[in-house]
Structures are given as structure tokens and as C-alpha cells.
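One-letter residues, chain by chain:
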Amino acid sequence: MSRPWGTHGEPERLVDRVTRRHLLGVAASALLAAAEIMRTPWVTREQSPAPAQAPAEVPDGPPAGFDEMYRGRRIQGEPVAVREGRTPESWRITVDGRPLGLMRRADGSFLSMVDHYQSYDTPLAAARGAVDEIGPLQTLSGRHH
Amino acid sequence: MAPTRKNQSRLTKAERRRFVDAVLKLKRRGEYDAFVRTHLDFYVSDGESRLRVAHMAPSFFPWHRRFLLDFERALQRIDAGVTVPYWDWTKDRTPAASLWGDDLMGGTGRGPDRRVTTGPFARGSGHWVIKVGVTDGDFLTRDLGRPRAPIALPTAREVADAMADPRYDVPPYDSTARAGFRNRLEGWTSARGDARWRNHNRVHRWVGGHMLGGASVNDPVFWLNHAFVDLLWDRWRRRHPRSAPYLPAEPPGAGSSQYRRVVARHERMPPWDVRPDDLLDHRAHYRYGG
């Protein structure tokens, strides 16, 4: 039969490579999370309602970060410097200190690791959407792409 | 004679059991989680400048065709008589469908953590521990139909709208393509509210829980959804025999926004040494039954 259908071109090596890449990613995420926790002062995590309209972006200026309690979870976000392969506007988002992977769509909206099939207008909306989906009991594993 | 992929609603009791047993055995061997990781690794969004092959891209159909075939072959190494069934969500539309029975997928999630508690893939069964997840829970989650704000599965009409488009894909070959069978069936829009999800994407939303996130392959219904998506690609080709079966035919040039970001018909589609053109005809490998 033809090459593509017939080959199982070294699946073990592929799996090894993918796994290694993931372990590195998870380790990097864990470091990020640790750095995030050390960097930010302790804030009492009491239940508090989210502000009705927390602006995530300031018109005609650089996008502003956010730090708020939403449904009992602390959600924080800040724009990060451009890295290779990333969009000009990349964000670091955490929920209770755990990293939430965020991706950008071509239309400018944002997708989170928790919700890959719905995009949100702002990183803040994507972070709130992720909290809505994971519910009150689960925490993020910190896994990125 | 190529094996037949059947409609899940027509599987016999024995066929259901053999499929589930093979999936559980694959999981026990540690092979299943490699599929979860591969799908996660190849989810590249179109706001990034990297090559994307699995989603928001013209190779959405061939990439998943090959991904399913690898999975099916792994199952067949365990039980040569097993194929991946498909879920026609235009017909089996409720959580009461036999698909969600205790001898196939099990039911929806319960409680605030949306934990699946019935069927072979419930954590309590002892056979299905989530290892590669976006959250730290080690149990499968679902939220069928999203009861707090009910949403319906895609309709036959919605599929027909996609099927009527004679173009396989159109520039810019991403999630913003306003026409073309590929994006209409993959289901990206920039709409707001419940209209934002169409076809394939809407099924992920309807199932919810793990199916909604980056680790969607953890829910075995992933394969039944994608077998149906693969079948629909097949139907589209038969309906439009004079259309180019895959676009773009040539790689977008250096001046294009999609330069080196999508795979053309004769370009290699990672992680395999395979081109979309190699995957246009599946009939030597499997067929679809009624």
C-alpha cells in the first residue's frame, strides 16, 4: 500500500519526543507559577463579587493587566513581551496562581486551554470563562500547548 | 474488503462491548494518552504565526482522518474486528440516546465538578484515570447540553448549509474564512451568543467538560464525533465531484498572510510523512456503513 497509509513511521520516537516536549512545558509552567506566587503579595482570598465592568484594555494605550476575584478565584493577567511565534499581544494569565494557557485567533479574540471552541473579546473575559467552566472545585494543572 | 465504520446506534451489544474493551485496553497500555498529547501539541491557533495543521486550517479534515486511522489501527492491534463507530449528531440529539448508555460512553457529568459517574469511562470504574488534563482532576468531565444555558446540537440544516458550498476552502484558510466547506463544517465564526458555534465546534461545546478544552481526546466520544466529521467530508466529495478536492493546491506565496502557515495539497503534514493528497481516498482502508 502507499507510504502514508502503510507506515507507522517510528511511533515510539514520536511519542518520546512529544512527551519530552510536554514535560519541559509543564516544568516551565510550574516555574512561571512559582515565580508568579512569589512575586505577588498575599491577598486574602475571600469571596467577593467581580466588578461589573473591569476594563482590560485602555483605548489608545498599551493593554492594561488585571487582578480580580471572580467567583472566589483570583484571576490575574498581564501582557508579556513578544516571543518568537507568538502574537504581538501575548498574555500571562493565572487562576489562583496556576497558569492558564491563552491563544489568539486571527480575528483578535482569545481562546483558553479550558475552552478551545469559544473565543472571547478580551483576556479577562477568557479567564472568567475558564473559571465558569472548571467550576468551584477543580484547579488548573498549568498545562500549556 | 475494507472494514466498515458503523453508526453507533446500530452497533450490536457485542460490538459495543468489543469497542469499549479495546479502548480500555489501549488506555491500560499507556498508548491512549499519547493520542491526547498529540492532539494537544498540534492545536495551534491562527493568531500565531506558526504552521497549523489540525485546526483553523485547510488540513483539518486530512489531519483528523490520519489521526483517527492511527487510533483505529491501535485498537485493531488489540482486537482486529473493531472499527471506530460514528455519531450522527443530527439524529442522536439528546443525553437519553443509547450513545450515552452504560455500555458505551456513559452519561453526563454530575455535581459542581461535572464528573462522569456512569459507564466504562467513569473514574469509579477504575479503568479511566485522566493523566493529561487542563485541570488537576483525574476524572472525566461532561456537561451534556449545558443545562444551565441549554444549547442544541448542530442540525441537519446546518450540515446541509456546509455541504452545499462547492469550494473546499477559501482564503485566508483560517478561522475567519467566510465560506468554504472546511470552515463551515469545522465551525468557526466571529458571531456572538449561541450562534458562534457551528457543526464540529458546536458538538465539542454541547458535550462540554473535557471535550471543550485542549485535552478533548480524553473523552472517547471525541473519536465518534470525528468519525462522523470524516464521513461528512466523504459525502461532500461525492456531492461535488468537479470541485478541487483540497485547497490550496499550491503553497501560499511569500506575500501571503498564510505563507508557511498552512499545508498545501502536496506538502507534508506533520507529525506524519504524509500529504493531504495521500488522504483523499480512504476506501482501501475503511468504509462507512449505514
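Residues numbered from 1 in each chain as written. Chains lettered and ligands numbered in written order. Predicted model: local features only at pLDDT ≥ 70, side-chain atom pairs only at ≥ 80, totals over all residues. Heavy atoms only, no water.

## Some points on the UniProt feature "domain: Tyrosinase copper-binding" (unreviewed entry) in chain B
Residues and elements named next belong to chain B. Mapped onto this numbering, the UniProt entry annotates "domain: Tyrosinase copper-binding" (unreviewed entry) at residues 55-72 and 219-230. Taken end to end, residues 55-72 is 72% helix and 0% strand, and its two terminal C-alpha atoms sit 21 Å from one another. Structurally, residues 219-230 comprises 83% helix and 0% strand, and the distance from its first C-alpha atom to its last is 18 Å. (UniProt positions renumbered as here; feature names shortened; annotations may be inferred. Helix = DSSP H or I, 4+ residues; strand = E, 2+ residues; numbered from the N terminus.)

## What about the environment of Tyr259(B)?
All names here are of chain B. With respect to the helices, strands and loops of the structure, Tyr259 is situated in the loop between helix H7 (221-239) and strand S4 (287-288). Here Tyr259 falls in the partly exposed class, since its relative accessible area comes to 34%. Linking Tyr259 and Arg50, residues 209 residues apart in sequence, is a C-alpha distance of 9.8 Å. Here Tyr259 is in contact with Pro252, Gly253 and Ala254, once residues within four sequence places are set aside. (Buried < 20%, exposed > 50% of the residue type's maximum accessible area, 1.4 Å probe, protein only. Contact = heavy atoms within 4.5 Å.)

## Describing the interface of chain A and chain B
Residue-level contacts link 44 residues of chain A with 61 residues of chain B. Here chain A packs against chain B, burying approximately 4,500 Å² in sum over the two surfaces, 52% of which is carbon and sulfur. The interface formed by chain A and chain B holds four salt bridges in total. Measuring nitrogen to oxygen at the nearest pair gives 2.9 Å for the salt bridge that ties Arg205(B) to Glu133(A). On inspection of chain A and its partner chain B, the count reaches 20 residue pairs in polar contact (both at pLDDT 80 or more). Contributing elements (two or more residues each) for the side of chain A that touches chain B: helix H1 (3-6), helix H2 (11-39), strand S5 (102-104) and helix H3 (123-134) of chain A. Here the element with the most residues in the side of chain A that touches chain B is H2(A); it accounts for six residues. (Buried area = accessible area lost by both parts, 1.4 Å probe. Salt bridge = Lys/Arg side-chain N within 4 Å of Asp/Glu carboxyl O. Polar contact = N/O pair within 3.5 Å; in protein donor to acceptor, adjacent residues only side chain to side chain.)

## Some words on the pattern of salt bridges
Working definition: two side chains of opposite charge can pair if their charged atoms are close together. Tallying each qualifying case throughout the model produces 37 salt bridges over all chains. Linking Arg73(A) and Asp96(A) is a salt bridge whose minimum nitrogen-to-oxygen distance equals 3.8 Å. Placement of Arg73(A) in strand S2 (residues 73-80) and of Asp96(A) in the loop between strand S3 (90-95) and strand S4 (98-100) is noted, with a sequence separation of 23 residues between them. Note on Arg73(A): relative accessible area 6%, which makes it buried. A cluster of three or more residues bridged by salt bridges with shared partners is formed by Glu133(A), Arg114(B), Asp143(B), Arg148(B) and Arg205(B).

## Regarding the side chain of Glu68(A)
Residues and elements named next belong to chain A. Tracing the chain through its elements places Glu68 in strand S1 (residues 66-70). Glu68 gets classed as buried once you look at its relative accessible area, which sits at 7%. In this structure the side chain of Glu68 is engaged in a polar contact, spanning 2.9 Å, whose partner is the side chain of Arg128.

## Quick look at the side chain of Asp174(B)
Residue placement: Asp174(B) occurs in the loop between helix H4 (156-163) and helix H5 (181-186). Notably, Asp174(B) is buried but unbridged: the nearest opposite-charge side chain belongs to Arg52(B), and the N-O separation is 4.7 Å. If we skip the residues at most four places from it in the chain, Asp174(B) touches Ala106(A), Asp46(B), Arg52(B), Met56(B), Arg182(B), Asn183(B) and Gln258(B). (Lys, Arg positive; Asp, Glu negative; His and termini not counted.)

## Comments concerning helix H1 (residues 13-28) of chain B
All names here are of chain B. Along its 16 residues, H1 runs 23 Å from first to last C-alpha, staying within 8% of the 22 Å computed at 1.5 Å per residue. Within H1, the full set of buried residues consists of Arg16, Phe19, Val20, Ala22, Val23, Leu24, Leu26 and Lys27. On its buried face, H1 is in contact with helix H2 (32-41), helix H3 (60-78) and H7. Phi turns positive, to about 85 degrees, at Gly30, one or two residues after H1. (Expected span 1.5 Å × (residues − 1).)

## Focus on the packing of aromatic side chains
All names here are of chain B. One pass over the full model with this rule turns up 31 aromatic pairs over all chains. Relative to Tyr288, the ring of Tyr86 has its centre 5.8 Å away and its plane inclined at 80 degrees; by these criteria the two rings are edge-to-face. With a gap of 202 residues between them, Tyr86 in the loop between H3 and strand S2 (109-110) and Tyr288 in strand S4 connect regions that are remote in the sequence. Across the pair, exposure class does not vary: Tyr86 and Tyr288 are buried alike. Ring plane angle 10 degrees and centroid distance 5.1 Å describe the contact between Phe181 and Trp236, whose orientation is recorded as stacked. Of this pair, Phe181 sits in helix H5 while Trp236 sits in helix H7, placing them 55 residues apart in sequence. Grouping residues by exposure puts Phe181 and Trp236 together as buried. Between Arg196 and the ring centre of Trp197, over which it is positioned, the NZ or CZ distance is 5.2 Å. Cation over ring: Arg205 sits above Trp197, and NZ or CZ is 6.0 Å from the ring centre. (Phe/Tyr/Trp six-rings, centres within 6.5 Å; stacked < 30°, edge-to-face > 60°. Lys NZ or Arg CZ within 6 Å of the ring centre and 35° of its normal.)

## So, the packing of H1(B) against H3(B)
Residue and element names in this part refer to chain B. For the pair H1 and H3, interaxial distance at closest approach is 9 Å and the crossing angle is 100 degrees. Classified by the angle their axes make, H1 and H3 are roughly perpendicular. Contacts between H1 and H3 involve Phe19, Ala22, Val23, Lys25 and Leu26 from the former and Phe71, Ala74, Leu75 and Ile78 from the latter. (Axes fitted to C-alpha atoms, helices over the stretch in contact; angles between N-to-C directions. Parallel < 35°, antiparallel > 145°, perpendicular 65-115°, else oblique.)

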